[in-house]
Structures are given as structure tokens and as C-alpha cells.
Amino acid sequence: MNSIEQRTIDTLRVLSMDAIDRANSGHPGLPLGAAPMAYTLWAKELKINPEDPQWYNRDRFILSAGHGSALLYSLLHLFGYGVSTEDLKNFRQLGSNTPGHPEYGHTPGVETTTGPLGAGIATAVGFAMAETRLAAQYNRPGHELIDHHTYVLCGDGDLMEGISNEAASLAGTLKLGKLIVLYDSNKISIEGDTQHYFSENVVRRYEAMGWHVLTVENGAKVWPINQAIQTAKEEDERPTLIVVKTTIGYGSPKAGTADVHGSPLGAEGTQKTKEALGYPDTEAFEVTAEVKEHMAALLEEKKKAYHREKELEASYRKEYPQEWQALTAAINGQEDLSFLDEDEYLAPLEKDMATRASGGVAMNRIAEKLPNLFGGSADLTPSTKTNLKNTGQYRPDDRLGGNINFGVREHAMAAIINGIQLHGGFRSYGSTFLVFSDYMKPQIRLSALMGAPVSYVFTHDSIGVGEDGPTHQPIEQLTMLRSIPNLITFRPADGAEVLAAWAVAMKSKSSPVALVLSRQTLPELEATSQEARRGGYILRDPENFQGILLATGSEVHLALEAAELLSQEGMEFRVVSMPSMELFEAQPMSYQEKVLPENCKFRVSLEAGHTMPWYRYIGREGLALGIDSFGASGPGDAVFAEFGFTPEKVAQRILGMKEHLEK
């Protein structure tokens, strides 16, 4: 290693230490130990141009061990991504450009939000899958417009998490040769030496999953790391795990111990570390002239490579104008979605069907106009009805396929579709039963946090699941989804509302959408319409109504039938379909007041799930008809009746409520 490379690596270390000490908060262990591999990758292999950070053919770098964010910010600072010295000084401060963990859309150069360990690796699998399909769609002989790698830097904690194993297993099966993971193997986590709780042979595990595994014995040296990365890039058939053996907190008084994992070194510890690294007299956050000069030379070479690729792009654009137009529209999210408001898409369904089935119809109508749908299910496609008919299965021998077999890997599936969406070029989706959204919640939360407009298709949405019993009958899951900020949850009542739900999902630019669909057949209702896109609207509106009955999904037809029975008893109820609380609350207050007038206090909610979310609409005087216990095993109709979900029982409960109020 030449002296300027060592000097630059140590600059990364010192900048990271300075940021952490200034904040009196952070994780110095990883930056000190992993700086050589990070420098080697970024300086010698990573295809980037900081002047065009969203360049579609850039290599992607994901810091899966997001707690080491100080290292990433130091890299972005040196490599010209606009992360300033002031940004480093404001590390972990409120409103700063350098938050505690990397946040997508917040700091230039951050490809995905990381912090929950293992998620970065799983999301990277989605990036790698998107690259292969985009290449298969648009590359032409002599015009390999899409050709880049996805790199991950992870730690021991990432590989302990189950999500990383789920995703790595699928990556090996799919032969994602352009996925390269650098594993910072220092055998230390917060609780100490990992031999007490992580003693497995990681190399053999990854080899068993179909990965190419390389080992770098000395992670402090550039040359062996660079050689390993180059060897990994030559492997086309297998993703590569590079085990880089490092010392956590390298150079510090606490090197090799858990004490350096997540605590600042302090003034004395930082000074001793600087002395050990040969930086005894430098000012905090100082970058020497020689390091700046070295970085300028590196960046100039990267810009030259970028401009060579831009020449290829110009040739492609001239020779394949239609493909270029389609590619750029897909990457920039500028597809023509006007068809979602046209008769062909909105054509009524010919028969009653479960909303999972009408969801499949809607998806295939969309896919005819929008060929960049890309997703699948966690081994449940025949049940969730999410198969795209006019494209094959995405496999190593068919990268054009739009249907993904995720296997029974719900958690990884959610992260992977995040990666596909963030990569650009596709609208991603994943499906499973609603009750299994519990497995996916951390990644749904990240979708919402990042503003990634992925689509989650959750079927078998209530006790209507029937015979599979309470383990498969969701009760609290709707409440969980509705509690996630920036997630749109949409539970449609019939085919018309399903078409509305999918239109919302496709038009969303910065919110993920969860579509919650029934297993059982539901009637097509005359009153439903595309007004459902507003989240809540009136289906039945008699004059001089005395109360309002709000319902979603499979309970909307029950509400309409119960309202007719109540009318025979001299009680008139307005019926409101409320498929999406989030969309309804985004409407002007004048519209909300029109649907739910303040002066009507007698309100009833009807939904086969937990009643908790409904009190915001029905108030203290209202009646919440739902299920606040677990379900029961039996035929779906019988279970619904057992829990009071029939028109007659709903009407009886409301009549009883009226009598109570009148006393």
C-alpha cells in the first residue's frame, strides 16, 4: 500500500472519530476497522459520479451495518457528494444532513435506509435482481447500457439476523453474480466476543447457499481486498461473500473489544488513536492537501469512465430511440398512467368474486399497459392471485420474467421489493396472507420511512379465512398497518373498489400502499365507484338519516343490508364505505364534513378486525362492531355468524344501542 492510500484511509478513520466525538454519540468501532475495505472499494472499483448521483448505471453501495454511518458520511465527504465539513460536525444532530443511521432521500449517495441489521443485505438482493431484469429488457448487442454491481458492507450482526439468511438463500438460488458482500468479520458485537453466541462456520453456510466465498486474512491492507473484489467481479453465476478479517476499533486504546463498538472514544482516546495512526498534530475534521489532491485525481478518473459510458448511451439513444424512451420513463417514474382513468381499465367485473381474485384482474389489466411490474408472493401466488399472465417467472435462465417466486421468506420479500423499487425501472409488489404481515412489518415500516411506493398485497384478510382458524385469521394486523406513518392501507369492498385501490397504488409517488383483500366471494355492489380513491364516500344516503354506518371491505355489503333492515324499523342510516382512512384524512375538511357531518353523533363502525382505529370517527357515543378477541376455526360463514357479522345481528346491535341511548 502506498503512503497516500494509507493516509486517505486514516483520514476516513479520523473524520469518523471526530464526528462521533463531536456528537458524543455513535459507533467508532466499525469505521476504524472497516476503513481500508471501504476505501479500496470506493477508490478502485466503485463506478460512480458524484456530479450525477442518480446515474442509472452507477454501482450501488449499501452500508448494511448502518450504525457505522460515520464512515459512510466520511466517504461521501471525500468523494464529493456534497457532505460538507459542517455536516460532519453536525453528525447525529437534529435536522442535520448526517443522521445517526443512513436515511434514503436525506443524504446524497445513500441508496437505502439502513440500521435494522440484515435489512441492507436483503434490500441489496432486490437491487441486484432489478439490474439483471433491466439489462435483459434493454441491453442490445454492443450496447450494454445496464451493467453494474451492487456492493454491501455488513458486519457480524447482519449475518445473525434471519432476514439476511432468507435473502442470501434466494440470491444463491437466483445466481445473482453481480451482488458482492464485504463482511467486516471482527468477531465482536455489543455484548462482547461473538464466540459465545455466533460460532457457526459462515463460509460453509454461504457456500451451501450457492455463494462464492473469498477470505481476506488481513483487512488492514488494500491489495488483498482489491484482489478479492476483482475476483468476485469475474464470477457471473454466484453472488460473492468476501470475508474480510478486521480488528474493531483499529488503532484505538480499546481495539478488539466491545467497548469501542458503540461509545465515543473521548478526547483522550481520540488523541491516542490519532497518535497511533500518525495524526498527532492534525486539527479536528482536517483533510490535508495531499489527500485532497489524491481524491481529485481519483474522481477525475471516475468522471472519465462516466463520460465514456455517456458516449455509449448517446449511441444507444440514436439506434434504439423507443427502448431509450421506455427505459428513461421507467427509471424516472414517468410512465403514462392515464389508462387508469379510462374505460378499458375501469370496466366492471362480470361476476361476483373475492377481492383477491378481482385484485388479480386489476393487476393484469395494469400489466398490459405497464410492463415494468415486478414482484410475486411468499409461496402463495395461487392463493393471493398475483400471477402476471403475460410474463414468465424470473429465474437465472429467464431474467425477463416478471413473476418472482420468493419462497416462504416474507421478511426478505419485503426488503427485496424495497430494493427493486429503489433501484429504479420497476414498480414492485409482494403478496402473502394478511396475518403474515407480522413477519414483514420492519420492512413495511422502512418502505414508509423511505417513501418507496411499493405495493403490498395482503389477502385472506379476516375471520373469513375460516377453517384455518385463529392462527391464520388476522385481527390486529389492520390496526398495525394503519399505525405506520406514510403507509396507505386500502381495504376494498368489491371489484370497483379494488380497481380504485390499484390505481392509487400505481399513482403513488412517495407512499407504499397495502391492499387488504378477501378470501371469500363478495357481491359486486351497485353503489361503489372510483370515488373510493378519496378513501371514504357515501354509498347510501336517505333523507333525514339518524345515524351513519361506516364499514370497509367484506363488511360493506353487510352494512348496506343492515341499513335496509333498520329502515324497516323506522331508523335511517347513511352508509359510508371507508376503504382507506389515510386517503380520507388527506381530503379537504369540507369533504370530510360532507361525508361525516359533525352534527350526526350516532355513528357505528363495522369491520371484522380490531375496533381500536374506529373511535376517532365514531366518538364516545358511537358503537364499534368488530373483533377484539382471536377468531375460531370453522367454515367462514359460520365464523362470521358466530362473531355477529350478519345483517340481522348487526341491525339488532344497533337497535339495542338506540334503546340504550334513549334510556
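Residues numbered from 1 in each chain as written. Predicted model: local features only at pLDDT ≥ 70, side-chain atom pairs only at ≥ 80, totals over all residues. Heavy atoms only, no water.

Caption draft 1: Local environment of unusual backbone geometry. Backbone geometry at Lys187 places phi at a positive 60°, although glycine is not the residue there. Residue position: Lys187 is located in the loop between strand S3 (179–185) and strand S4 (188–189). Even without a glycine there, the phi angle at Asp379 is positive, about 65°. Relative to the assigned elements, Asp379 resides in the loop between strand S9 (373–377) and helix H15 (381–384). (Helix = DSSP H or I, 4+ residues; strand = E, 2+ residues; numbered from the N terminus.)

Caption draft 2: The arrangement of the sheet that holds strand S20 (residues 623–625) in detail. One open sheet holds the five strands; their spatial order is S16-S18-S17-S19-S20, and the pairing between them is mixed. The sheet is open, and its two edges are formed by strand S16 (537–540) and S20, each paired on a single side. Averaged over all pairs of adjacent strands, the angle between their axes in this sheet comes to 25°, without regard to strand direction. Pairing geometry for S16 and strand S18 (residues 573–577), over three bridges, is antiparallel. Considered in S18, the bridge of Arg540 is made with Val575. (Pairing = 2+ DSSP bridges. Axes fitted to C-alpha atoms, helices over the stretch in contact; angles between N-to-C directions.)

Caption draft 3: Examining the pattern of salt bridges more closely. Inspection of every chain in the model, using the stated rule, returns 33 salt bridges. Asp341 is the salt-bridge partner of Arg533, the closest N and O atoms lying 2.7 Å from each other. You can see Arg533 sitting in the loop between strand S15 (521–522) and S16 and its partner Asp341 sitting in the loop between helix H12 (321–331) and helix H13 (343–346), a full 192 residues away along the chain. Taking relative accessible area as the criterion, Arg533 reaches 18% and is therefore assigned buried. The salt bridge partner of Glu607 is Arg482, with a shortest N-O separation of 2.7 Å. Pair noted here: Glu607 is in the loop between strand S19 (603–606) and helix H23 (615–618) and Arg482 is in helix H18 (residues 477–482), with a separation of 125 residues, a long-range link. For the pair Glu607 and Arg482, one class covers both residues: buried. Sharing partners across several salt bridges, the network here consists of Glu131, Asp147 and Lys178. (Salt bridge = Lys/Arg side-chain N within 4 Å of Asp/Glu carboxyl O. Buried < 20%, exposed > 50% of the residue type's maximum accessible area, 1.4 Å probe, protein only.)

Caption draft 4: Spatial organisation of the side chain of Asn186. Within the element layout of this structure, Asn186 appears in the loop between S3 and S4. A polar atom in the side chain of Asn186 sits 3.0 Å from the backbone nitrogen of Ile188. With sequence-adjacent residues up to four places away left out, Asn186 is seen in contact with Asp156, Thr246, Thr247 and Ile248. (Polar contact = N/O pair within 3.5 Å; in protein donor to acceptor, adjacent residues only side chain to side chain. Contact = heavy atoms within 4.5 Å.)

Caption draft 5: Geometry of the packing of helix H2 (residues 29–45) against helix H11 (residues 289–319). Taken N-terminus to C-terminus, the directions of H2 and H11 make an angle of 45°; their axes are 9 Å apart at the nearest point. It follows that H2 is oblique to H11 by the angle criterion. In this structure, H2 contributes Tyr39, Trp42 and Ala43 to the contact, and H11 contributes His294, Leu298 and Lys302. For the contact of H2 with H11, the residue count by class is four nonpolar, one polar and one charged. (Parallel < 35°, antiparallel > 145°, perpendicular 65-115°, else oblique. Nonpolar A, V, L, I, M, F, W, Y, C, P; charged D, E, K, R; others polar.)

Caption draft 6: The arrangement of the side chain of Ser69 in detail. Secondary-structure assignment places Ser69 in helix H3 (residues 69–78). Assessed through its relative accessible area of 0%, Ser69 is described here as buried. A polar contact is formed between the side chain of Ser69 and the backbone oxygen of Gly100, at a distance of 2.7 Å. Once you skip the residues sitting within four places of it in the chain, Ser69 turns out to touch Leu63, Phe91, Pro99, Gly100, His101 and Pro102.

Caption draft 7: Inspection of the sheet that holds strand S1 (residues 60–63) at higher detail. With parallel pairing, the five strands of this open sheet are ordered in space as S1-S2-S3-S7-S6. Across the chains shown, the open sheet's two edge strands, defined by having one partner strand only, are S1 and strand S6 (212–216). Taking each pair of neighbouring strands and ignoring which way they run, the sheet shows an average axis angle of 20°. Relative to strand S7 (residues 240–245), S6 runs parallel, the two being bridged by five bridges. Along S7, the bridge assignment pairs Leu214 with Ile242.

Caption draft 8: Looking closely at the pairing of S6. Taking burial as the measure, the five residues of S6 include four buried ones, the bulk of the element. Chirality of the crossover, the property in question, places the unit of S6, helix H9 (residues 222–233) and S7 among those that are right-handed. (Right-handed = clockwise from strand over helix to strand, strands pointing away.)

Caption draft 9: Molecular detail of H3. Most of H3 sits inside the fold, with ten of its ten residues counted as buried. Packing partners of the buried residues in H3 comprise helix H1 (3–23), H2, S1, helix H4 (85–89) and H11. Once H3 finishes, Gly80 follows within two positions and takes phi at roughly 80°, a positive value.

Caption draft 10: Focus on the pairing of strand S12 (residues 455–459). S12 sits mainly inside the fold: five of its five residues count as buried. Of the two faces of S12, the one holding Ser455, Val457 and Thr459 and the one holding Tyr456 and Phe458 are both buried throughout. In terms of strand pairing, strand S11 (residues 427–433) meets S12 through five bridges, oriented parallel. Residue pairing for S12: Ser431 is matched across the bridge by Val457. Read from S11 through helix H17 (residues 437–450) to S12, the crossover connection turns out right-handed. Bridge count between S12 and strand S14 (residues 513–516): four bridges; the pairing is parallel. When the bridges of S14 are listed, Ser455 appears paired with Val513.

Caption draft 11: The packing of aromatic side chains, seen in detail. Across all of its chains, the model carries 19 aromatic pairs by this definition. Here Tyr206 and Trp211 contribute two aromatic rings whose centre-to-centre distance is 5.1 Å and whose plane-to-plane angle is 85°, an arrangement assigned as edge-to-face. The burial state of Tyr206 is the same as that of Trp211; both residues are buried. Summarising the aromatic geometry, the rings of Phe573 and Phe602 are spaced 5.4 Å apart at their centres and angled 70° between planes, so their arrangement reads as edge-to-face. Note that Phe573 is positioned in strand S18 and Phe602 in the loop between helix H22 (589–595) and S19, a separation of 29 residues in sequence. (Phe/Tyr/Trp six-rings, centres within 6.5 Å; stacked < 30°, edge-to-face > 60°.)

Caption draft 12: How the structure looks around H11. The end-to-end C-alpha separation of H11 is 45 Å, in line with the 45 Å expected for 31 residues at 1.5 Å each. For H11, every residue scored as buried is listed here: Val291, His294, Met295, Leu298, Leu299, Lys302, Tyr306, Glu313 and Tyr316. In this structure, the buried side of H11 is in contact with H1, H2, H3, helix H5 (119–138) and H12. (Expected span 1.5 Å × (residues − 1).)

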